[in-house]
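# Coordinates in review
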Amino acid sequence: MDNETRRFEVKGRAARSNHAGRYERHAREVVDDGWAREEELPVLRTQTRIEVPRSLITYNTSPDLPFDRSINPYRGCEHGCVYCFARPTHAYLGLSPGLDFETQLVARPEAPDVLRRELAAKKYRVAPIAIGTNTDPYQPIEKQHGIMRACLAVLADVGHPVAIVTKGSLIERDIDILGGMARRGLVRVGISVTTLDAGLSRLMEPRAPAPARRMVTIRRLAQAGIPVRIMASPMIPALTDPELEGILSTGRDAGARHASWIMLRLPQEVSPLVQEWLATHYPARAERIMSRLREMHGGKEYDAKWHRRMRGEGPYAEMVAQRFTLAIKRLGLSATAPAMRCDLFRPPVKTGAQMSLF
């Protein structure tokens, strides 16, 4: 751990360290000088700074993703899921993918205005926008800032389709907007569930709603007519993957009609963070879990090849995939959802521009 980490009590956080990101020129290491510390350490508090984005819509050409564009109202995520594959993005900010990722957050309150401007551009061509594929738009600070709700209002106003992924129960606040969009075929929501074990969830994703609470969210969204996907992800071999069928079944009973799964991914700094977490909480299983992951990635802890990075390959990965296929067939779930409508999109009217009469 570095100096900043050792100065705080990290109870309620998933990461156990705060090592410098891969772009930093210097790193710090604490050594025991023999002087005992008797005073209590202060709690590590969440801090949020403001960023003014020059652009908001990020485009990708990844052939294994079902979307080609996304937006992120926030950087970093207070949910603090130890396995989050987005942690390495904090290194671009000169911050640690460890504790900084879940405590040093960035809010982008002007995001709705930038989004409206980009949607109004003459060159813009409509296609579904994904939100929540990097950091959760309904993490706790959204209650204070309301950036996600404002972005949704923009998308609803112009008839733009959106796919949302979240663990946050705060999405229920926006059912008034989402329900109207659902009636026009403009929205899909995925609720991510890694485990049904509340104790395990508290250790892995300490500030995310409990699994049972997420099922309540699925039920309330479904009752409002909003299409919901139960996302069994990430599946951690020899730890949470035995729960795959249970997660899918419980999600179906709550109202989900579609399903998906992803295997644990360990890109860049995520691998040492997860291994630290395993050594702390599941030392007897750590080697078995890592061996399974290496088995699925050609001996490496992670392989970023298209179509393999999210599922792995080999007998174990194939077995989990077959279990998923059999489970959704038995439960009446679908792996695909109907396409959202793009024909309702009408570009925002720029300030000072003459509105159409028709």
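See the structure printed just above.
Throughout, residues of each chain are indexed from 1 in the direction in which the sequence is written. Two thresholds apply to this predicted model, a pLDDT of at least 70 for residue-level local features and 80 or more for giving and counting side-chain atom pairs, whereas whole-chain, interface and lining totals are computed over all residues. Calculated side-chain values reflect all of the structure's heavy atoms, with hydrogen atoms and water omitted.

## As for the nonpolar core
Ranked by size, the top nonpolar core spans 87 residues in total, and within it L115, L119, I164, I230 and L248 carry the most contacts. A total of eight residues in this core trace back to one element, the largest contributor, which is helix α5 (residues 147-158). Contact definition: two residues touch when any of their heavy atoms are within 4.5 Å. Residues contacting L248, with those up to four places away along its chain left out, are I230, A232, A259, F324, A327, I328, L331 and L333. In this description, a nonpolar core means a group of buried Ala, Val, Leu, Ile, Met, Phe, Trp, Tyr and Cys residues linked to one another through side-chain atoms lying within 4.5 Å. Per-residue accessibility, obtained with a 1.4 Å probe over protein chains only, is compared with the maximum for each type, and a residue is labelled buried under 20%, exposed over 50%, and partly exposed between these values. Strands here are runs of E lasting at least two residues and helices are runs of H or I lasting at least four, both read from the DSSP assignment and numbered beginning at the N terminus.

## Overview of the packing of aromatic side chains
Each aromatic pair joins two rings of Phe, Tyr and Trp (for Trp, the six-membered one) with centres within 6.5 Å, and gets the label stacked for planes under 30 degrees apart, edge-to-face for over 60, and tilted for any other angle. Within this structure, the stated rule accounts for two aromatic pairs. A centroid spacing of 5.8 Å and a plane angle of 65° characterise the contact between Y124 and F345, whose relative ring orientation is edge-to-face. In this pair, Y124 sits in the loop between α3 (111-119) and β6 (129-131) while F345 sits in the segment after α12 (315-331), placing the two residues 221 residues apart along the sequence. Residues Y124 and F345 agree in their burial class; the two are buried. Cation over ring: R265 sits above F85, and NZ or CZ is 4.5 Å from the ring centre. Both a distance and an angle decide whether a charge sits over a ring: NZ of Lys or CZ of Arg must be within 6 Å of the ring centre and within 35 degrees of the ring normal.

## Digging into the packing of helix α10 (residues 270-281) against helix α11 (residues 283-296)
Axis lines are fitted to C-alpha atoms, over the contacting stretch for helices. Their N-to-C directions set the angle, which ranges from 0 to 180 degrees. Axis separation between α10 and α11 bottoms out at 6 Å; the angle between their running directions is 150°. For the element pair α10 and α11, the recorded crossing hand is right-handed. The residues of α11 that touch α10, namely those facing S271, Q275, L278, A279, T280 and H281, are P283, A286, I289, M290 and R294. Its residues placed into classes, the contact of α10 with α11 shows six nonpolar, four polar and one charged. Each crossing gets its hand from how the near helix is turned against the far one by less than a right angle, where anticlockwise is left-handed and clockwise is right-handed. For this classification, Asp, Glu, Lys and Arg are treated as charged, while Ala, Val, Leu, Ile, Met, Phe, Trp, Tyr, Cys and Pro are nonpolar and the rest, including Gly, are polar.

## Describing the sheet that holds strand β2 (residues 58-59)
The mixed open sheet is built from seven strands, whose spatial order is β2-β3-β6-β7-β8-β9-β10. Unpaired on one side and paired on the other, β2 and β10 (258-263) mark the two borders of the sheet. Sheet analysis places strand β8 (residues 187-193) next to strand β9 (residues 228-235), joined by five bridges and oriented parallel. The residue of β9 that forms the bridge with V189 is V228. Here, strands pair whenever DSSP counts at least two bridges between them.

## Comments concerning the sheet that holds strand β1 (residues 47-50)
Pairing is mixed across the open sheet formed by three strands, whose spatial order is β1-β5-β4. Edge positions in the sheet fall to β1 and β4 (74-75), since each of these pairs with one other strand and no more. Pairing of β1 with strand β5 (residues 104-107) involves four bridges; the strand directions are parallel. Along β5, the bridge assignment pairs Q47 with Q104.

## Some words on the environment of A327
Examined against the element boundaries, A327 turns out to sit in helix α12. For the pair A327 and L248, spaced 79 residues apart in the sequence, the C-alpha separation amounts to 7.5 Å. The contact partners of A327, leaving out residues within four places of it in the chain, are E245 and L248.

## A few points about α11
To estimate how far a helix should extend, the number of its residues minus one is multiplied by 1.5 Å. Spanning 14 residues, α11 covers 21 Å between terminal C-alpha atoms, matching the ideal 20 Å at 1.5 Å per step. Within the span of α11, buried status applies to A286, I289, M290, L293 and M296. Along the axis of α11, the buried residues cluster in a sector spanning 120°; they form a single face. Along α11, the residues that are exposed and aim more than 90 degrees away from the buried face are A284, E287 and R288. Looking at the buried side of α11, the elements it contacts are β10, α10 and α12. Positive backbone phi, approximately 60°, marks G298, located one or two places after α11. When we speak of the arc, we mean the arc of directions from the helix axis to the C-beta atoms.

## Some points on the pairing of β10
The element β10 is extensively covered by neighbouring structure, given that five of its six residues are classed as buried. Note that β9 and β10 share five bridges and pair parallel. Bridge assignment links I230 to a residue of β10, and that residue is A259.

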